[in-house]
Each structure stands twice: as C-alpha cells, then as structure tokens.
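So the chains spell out like this:
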Amino acid sequence: MDGYGGGELNRPDLGVLLAAVEASGEAILITSAELDEPGPRIEYVNPAFMRMTGYTACEVLGLTPRLLQGPKTERAVLDQMRAALVRGDGFQGEALNYRKDGTTYMVEWLITPVREANGDISRWISAQRDVTRRRAAEDQQGLMVRELHHRVKNTLATVQAVLNATVRSSPSIAEFTRAFSGRIASLAKTHALITEDTDQVVGFEELLRDELQAYDEPGRQRVRLQGPPVLLFSELAVPIGMALHELTSNALRHGALGDPRGWLEVAWSVEECPSGQVLHWTWNEHDGPPTALPTREGFGSKLLNRVLTLQVGARVDIAFDPDGLRVSVAVPLTMAERQSKDTEPYANPTVFRSASRT
C-alpha cells in the first residue's frame, strides 16, 4: 500500500514536520528529560508558544519551563504532573501560568514522553493552549447555576409566604383566588423581566410600566412617571415589584385607578447621602374616591410596612390624604450593595443590591 514499506510507516520529511509545528496554533514546547532541580531545559518553542507567553525563543532556550509559574500557580496540579512524569507517564492538566509581562492565563498541557530505542525517556513534548476564556465561561456557568439554585429557593420561600399571608387576609375563597393568582402572576412577571437581562437586573421604571401601562389612556395621561434610570438587582426588584403590584391592585379596587376621573403619579430620585445612595419614590393618587383609614391590616399593608422595612431596610410612610393615597418609600441602595459584597455569595437570602445606569 502506498505510504508503507516493509510493514513500517514511511517517515515524512523533517522539514515538513518542522513547518507543520511552526504553523500550528497549538503552543509546542520541547524540553530535556531531567526532572530534578533546576528542572528540564527548554530546547525548542514554536511561534504559538511565543505569542501565548510573550517570550522570544532566545529568552527561554536553556531555561526551565518553571519560569512560567508564579505565586498563584496551583501547587497540587504541579505535584500531580511531577508524579506522572516520574512514573514515565504522560500528563494532561490545567494550571495558572504567568506571561513575560506578569499577566496570568490558564494553560492546558498535554505532556508526552519521547523514548529512545531502549525505552529511556530522552525528552518531553508539551502541547499547550490558552484556555482562559473557556475557564471563565465555565466559571460563569457555575455561577449562574448557583444563582439559579439560590433564586429558586428564594422564589419558593416567597410563594409560601405569599400563600400563607393571602390565606390569613382573605375573607372568602373567591377573594383568596383573585388575590393569590394576581400576586403569583406579578412575581412571575418580575422574574421574567430580570432574566431577560444578561446582568440579571431590571429598571425601576420598567417595573412600574409593567404594572401600570394597561391603565393609562390614549389622549389622557392617567399614569405619570418621572425619575432617573435606576437598575435593581433581583433581590431588591422582587419585593419592590410585589409592593408595586399591591399598590396597583389597591388603586384599582379602592383608589384612583378605579375612578374614571382618577390619576396616578409616581416620582422617584436617587439621593447621595453620607451613608450611600438612597432611592426615594412616592406613589401619589389623585382625584379618586375619598380615602378612609383601613379597619384591618391587609397583605399589602404588611408587605409595605414589614417586608420592605425589615428585608430591604426601607423607610415607608403611608398617608391617607383627602385627594388620595400617598405612599413614600426610601430604600438605601449603597448600604445594601456593600452588605452583599461583605457576605459570602448565595449565603444570605436577605441581601439586596441596586445600581444606577449612567
């Protein structure tokens, strides 16, 4: 058969082999065989190796490849590699290496021994590639899985809390069904808005429009929104979204949105305080039916007074003005963000963060 002679594979021209190695996108490193200090000596590097590390061939020939290691290189991986090479085995693994300029990269090695006719190892050939982007993607995927696990647990806990509170505050089965269905739908919409964004954030105005746009009327501005762009991370967006849903439901049943003449204004701002940023927002109903003090504390009042206050650290003021309900909320943003940085990720479900888009 062509290409074979005497049962042995015909060896290609060495010049062709060298050209293939030089043109390879894989970094190729050939060293001597010794493993004891100072370690094997570099005998050859291809252009891909020089591009990956920033070193020229003249700068590394005769030196040990250990020059690429540094303080953050994983010692355990190096020990595994040495143990395999001492046994005369090949080795495949990943570790953090250092370029000439001091920057780091994740490298994947495939180290293979070159043996003499008597079986002795004469050299090591190492094929290497920069897998920094792949590792970053894998780490991001792991982060997203942990975030999903955390969010599912929090969501189930929220649903359970909403269920229990709705049962206690509903005078009838019909009222329970209406209220519970609306609250779960609002929770689902908030999560949908969050997951649509790659950074897992949602705008405060977007939450408002999602709840209120159906009640605005062409040619008559029944819903008026005014404020700067403010982004909320999921832990803060969920309780605020539920609060907005409760206020909207109340306005439809008892307030301005249930009266043809009524209208609603929501205004917000971000204040720079010595302790950090604070989001101030005011829900102000106008020209609706006369307001009256409630005879009992319903779920919406509990959500505003307890959940926002205790979990988010907000300050809530509810006023039953003659012109309509007015609710003022102040949410500390920077303090909550700092708390999230000081806490182990995913360890505390009551960490709330926010950021403003510039």
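Residues numbered from 1 in each chain as written. Predicted model: local features only at pLDDT ≥ 70, side-chain atom pairs only at ≥ 80, totals over all residues. Heavy atoms only, no water.

Novice: Explain the nonpolar core here, please?
Specialist: Inside soluble globular proteins, nonpolar side chains tend to come together where they are buried. In terms of nonpolar packing, the biggest core is built from 32 residues, with Phe 204, Trp 281, Trp 283 and Val 331 touching the most fellow members. At the level of secondary structure, the elements contributing two or more residues to this core comprise α7 (204–212), β9 (223–226), α8 (234–253), β11 (263–273), β12 (276–286) and β14 (324–332). When residues of this core are assigned to their parent elements, the largest contribution, seven residues, is made by α8. Sequence-distant contacts of Trp 283, defined by excluding residues within four places in its chain, comprise Leu 212, Leu 244, Leu 247, Thr 248, Ala 251, Leu 264, Glu 265, Val 266, Leu 325, Arg 326 and Val 327. (Core = buried A, V, L, I, M, F, W, Y, C linked by side-chain atoms within 4.5 Å. Buried < 20%, exposed > 50% of the residue type's maximum accessible area, 1.4 Å probe, protein only. Helix = DSSP H or I, 4+ residues; strand = E, 2+ residues; numbered from the N terminus. Contact = heavy atoms within 4.5 Å.)

Novice: What's the story with the confidence of the model for the protein in this structure? I'm lost.
Specialist: Reading predicted coordinates in detail is not appropriate for stretches of low pLDDT. In the predicted model, the protein carries a mean pLDDT of 79, and the fraction of residues at 70 or more is 75%. Segment residues 335–358: pLDDT under 50, and 50 contacts once partners within four positions in sequence are set aside and those in other chains are kept. (pLDDT = per-residue confidence, 0-100.)

Novice: Can you help me understand the pattern of salt bridges in this one?
Specialist: Counting across every chain of the model gives 18 salt bridges. With a shortest N-O distance of 2.8 Å, Glu 205 and Arg 209 are connected by a salt bridge. Here Arg 209 and Glu 205 lie together in helix α7, a separation of four residues that amounts to about one turn. On the accessibility criterion, Arg 209 (42% relative accessible area) is partly exposed. Through salt bridges with shared partners, a single network forms among Glu 26, Glu 94, Glu 108, Arg 129, Arg 134, Arg 135 and Glu 138. (Salt bridge = Lys/Arg side-chain N within 4 Å of Asp/Glu carboxyl O.)

Novice: How should the sheet that holds β12 be read in this particular structure?
Specialist: To summarise the sheet geometry, strands pair through backbone hydrogen bonds and adopt either a parallel or an antiparallel arrangement. If you walk across this open sheet you meet the five strands as β9-β11-β12-β14-β13, and the pairing is mixed. Unpaired on one side and paired on the other, β9 and β13 (315–321) mark the two borders of the sheet. Neighbour to neighbour, the strand axes of the sheet diverge by 10° on average, direction disregarded. Judged from the seven bridges that link them, β13 and β14 form a sheet pairing that is antiparallel. Paired with Ile 318 across the bridge in β14 is Val 327. On the sheet, α7 packs against β9, β11 and β12 and is oriented at approximately 165° with respect to β11. Sitting on the sheet, α8 is in contact with β12 and β14, with an inclination near 15° to β12. (Pairing = 2+ DSSP bridges. Axes fitted to C-alpha atoms, helices over the stretch in contact; angles between N-to-C directions.)

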